[in-house]
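Geometric and topological summary
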Amino acid sequence: MMPCIAKRGPSPRRLGLSNDGAAEWFVIWCHERCLTPAFKELRKVLHHQAKERGAQLLCFKKAQTFEQWSSAHTKPYVLFTDWREAKGCVEAVTLRGLEGRPISTTVFCIDAKQQHRADRWCSRLAERTDPIYIKGAPLSAQSPVACLLQQAQQ
């Protein structure tokens, strides 16, 4: 799926592990239930897929917590969020200008009505260099997360 804002900046450099084995980038998952037992299996899948690509998974329940983290970190990251937290996350990084923006943001919606709202909201945003993808299904172990992470590395 193409990002809702088509303008893209230069491709980020190839991401992976640094010479000391530390993650050079992050996979951020911002969802109010990301740390609940119901999402344990999905966290394991995301952790594994992130680690395979030299990234570290971080989970935040709220956009406000993500905002605090992102204002203090400079490593590249991709952001996965749901519609409920998407606006807060995008506003937080937009206010800082180009510094600290994600490589990409993927918003997972629970149904077609929510996806329509997210698409409409996204189309009204100012032109961006960091693409925002709107997905019509919730994040799950069957989601094409590996594909999204691979895109971020290219």
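Not measured: the values here are computed from a predicted model.

Some thoughts on the pairing of strand E4 (residues 104–108)
Counting buried residues in E4 gives five out of five residues, a clear majority hidden from the surface. Here E4 shows no split at all, with Ser104, Thr106 and Phe108 on one side and Thr105 and Val107 on the other all buried. Bridge count for strand E3 (residues 77–82) against E4 is five bridges, and the pairing is parallel. Its bridge partner being in E4, aspartate 82 is matched across the sheet by phenylalanine 108. Of the crossover connections in this fold, the one passing from E4 over helix H4 (residues 112–123) to the parallel strand E5 (residues 132–135) is right-handed.

Remarks on the packing of helix H2 (residues 63–72) against helix H3 (residues 83–95)
Their axes nearest at 9 Å, the elements H2 and H3 cross at an angle of 25 degrees. Judged by the inter-axis angle, H2 sits roughly parallel to H3. In the crossing of H2 with H3, the sense of the turn from one axis to the other is right-handed. The residues of H3 that touch H2, namely those facing Ala63, Phe66, Glu67 and Ser70, are Glu85, Gly88, Cys89, Ala92 and Val93. Residue composition of the contact of H2 with H3, by class: five nonpolar, two polar and two charged.

Thresholds applied
Residues numbered from 1 in each chain as written. Predicted model: local features only at pLDDT ≥ 70, side-chain atom pairs only at ≥ 80, totals over all residues. Heavy atoms only, no water. Buried < 20%, exposed > 50% of the residue type's maximum accessible area, 1.4 Å probe, protein only. Helix = DSSP H or I, 4+ residues; strand = E, 2+ residues; numbered from the N terminus. Pairing = 2+ DSSP bridges. Right-handed = clockwise from strand over helix to strand, strands pointing away. Axes fitted to C-alpha atoms, helices over the stretch in contact; angles between N-to-C directions. Parallel < 35°, antiparallel > 145°, perpendicular 65-115°, else oblique. Left-handed = near helix turned anticlockwise from the far one by under 90°. Contact = heavy atoms within 4.5 Å. Nonpolar A, V, L, I, M, F, W, Y, C, P; charged D, E, K, R; others polar.

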